[in-house]
Amino acid sequence: MGAADVEAVWRIESARIVAALTRFTGDFGLAEDAAQEAVAEALVSWPLASPANPAGWLMATARRRAIDAIRRRTALQDRYALLAADLASGSAGGSAAGSAGGGDIDPDRIDDDVLALMFVSCHPVLSPETRVALTLRVVGGLSSEEIARAFLVPVPTVQARITRGKKTIAAAGVPFELPPAAERRERLGGVLSVLYVIFTEGSTATSGDRLLRPDVAYEAIRLARTLAALQPDEPEVHGLLALCELTAARFPARTGPDGSPVLLDEQDRRRWDVSAIRRGLAALARASARCLGPYGLQAAIAATHAAAPSVEATDWDRIVVLYEALGRVAPSPVVELNRAVAVAMASGPAQALAIVDELIASDRLPGSHLVPTVRGELLARLGRRAEARAELELAARLCANRRERSVLLSKAATLS
């Protein structure tokens, strides 16, 4: 087994391993460090001798690494004695060659452990950037290098966020447990927002040379599927999963062979992923069992697009109504801007322009390239070509993604 095999096993099993180790040691930071040491040892030993049970091997090795670390902490001698006695009794897993016993840590609690790990990684004491980095690292199993590449930040920055996050959790005394039922729903929103940030960065990169980063988006979908399996009675979890699946279904048609963006009205809808649409609609049906929340409403909008054979045949009136509902439950300037786009398609650009101008007057999206992008499109449809060109050129200057910027400049050039 080579490095790719180690990476594959780690990506699949990392959340369970780190979660079980955290409960075992009571120390989130120690658990993550021990798990990483086990991976490093696997990279050396697996090519020489493949374990019969790779996940069990990683679990057993990580547990021993954790116990070794606790042994070195003189202030935790009592804790170490307890763990060492547990190891001596045989419950800590046997040799690193990897029997199944090394991976079995109270299997009836594994799902709860993974869910608790998600809540810890997304704890409110952490900054938004740290929540994203920790979730991708300890729940998603991504390396610091992979996270840095996904978000176009230096590797030391990611490493610092992860280190700072673990120290913050320890200093705040955050327990490794599921939040009490009374606050779980509120805290769940924080977990969903982290997964949504990860997905949106993958589906439309904020900067760089690529419009899409599918590997990032698909990691968010994988985590959303895990969360949906662990919280099957939470409609907004299924709403987020539906939104991600239905949005990702368009990925194959959103870029040309050279990576250049293909706009919605030019996409070959035969290239949309029918299986992803089917999965998204199934998740939306589960979300719709109760009143739709913000993610469910966005998923319903995506489903309306998925059902339409073309832009012209899209039920824009329904999309306007859905955006109005979204604006009531989760008001934001981006929702208003998207509503303006839908209004333009349903009722014409003049009415939509009034919505956009109101956003500008209230300065609710300062510095965003999205406002001049939409305003430029509306002005072009109204025949105000010079104004439209100026807006699109402004949008291009504000846009940090090279692919999007090239499309904006190309559109502006046609209005000369």
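Residues numbered from 1 in each chain as written. Predicted model: local features only at pLDDT ≥ 70, side-chain atom pairs only at ≥ 80, totals over all residues. Heavy atoms only, no water.

### Some details on the overall build of the protein
Looking only at helices and strands, one finds 20 helices and 0 strands in the protein. Expected size for 416 residues packed as a compact globule is a radius of gyration near 22 Å; at 24 Å, the protein falls within 12% of this value. Projected onto the principal axes, the alpha-carbon positions of the protein cover approximately 80 × 40 × 40 Å. Relative to its 416 residues, the protein shows a buried fraction of 49%. For the protein, the proportion of contacts with a sequence separation of at least 24, taken over those separated by at least 6, is 65%. Carbon and sulfur atoms form 55% of the exposed surface of the protein, whose accessible area is close to 18800 Å². Between the centroid of the 48 positive side chains of the protein and the centroid of its 49 negative side chains there is a distance of 2 Å. (Helix = DSSP H or I, 4+ residues; strand = E, 2+ residues; numbered from the N terminus. Rg over C-alpha atoms; globule rule 2.2 N^0.38 Å. Buried < 20%, exposed > 50% of the residue type's maximum accessible area, 1.4 Å probe, protein only. Contact = heavy atoms within 4.5 Å. Areas by Shrake-Rupley, 256 points an atom, 1.4 Å probe, with all protein chains shown as cover. Lys, Arg positive; Asp, Glu negative; His and termini not counted. Charge placed at Lys NZ, Arg CZ, Asp CG, Glu CD.)

### Comments concerning the nonpolar core
Core analysis: the biggest nonpolar cluster contains 83 residues, and Ile-17, Leu-58, Leu-117, Phe-199 and Leu-227 have the highest contact counts within it. In terms of residue count, the dominant contributor to this core is helix 1 (residues 3-25) (10 residues). Each residue touching Leu-117, except ones within four places of it in the same chain, is listed here: Ala-15, Val-18, Ala-19, Phe-28, Val-138, Val-139 and Phe-176. Of all hydrophobic cores here, the second largest spans 34 residues; its members include Ile-319, Leu-353, Val-371 and Ala-412. (Core = buried A, V, L, I, M, F, W, Y, C linked by side-chain atoms within 4.5 Å.)

### Notes on the environment of Val-155
Here Val-155 shows up in helix 8 (residues 155-171). Each C-alpha atom, one on Val-155 and one on Ala-171, is 24 Å from the other, the two residues being 16 residues apart in sequence. When sequence neighbours within four positions are dropped, the list of residues in contact with Val-155 reads Ser-144, Glu-145 and Ala-148.

### Some details on the UniProt feature "domain: RNA polymerase sigma factor 70 region 4 type" (unreviewed entry) in the protein
When the UniProt feature table is mapped to this numbering, "domain: RNA polymerase sigma factor 70 region 4 type" (unreviewed entry) covers residues 119-168. The distance separating the terminal C-alpha atoms of residues 119-168 is 14 Å; by composition the span is 74% helix and 0% strand. (UniProt positions renumbered as here; feature names shortened; annotations may be inferred.)

### Here we look at the confidence of the model for the protein
Overall, the predicted model of the protein reaches an average pLDDT of 87, with 90% of residues at or above 70. The model gives residues 91-105 a pLDDT under 50, and that stretch makes 34 contacts with residues more than four places away or in other chains. (pLDDT = per-residue confidence, 0-100.)

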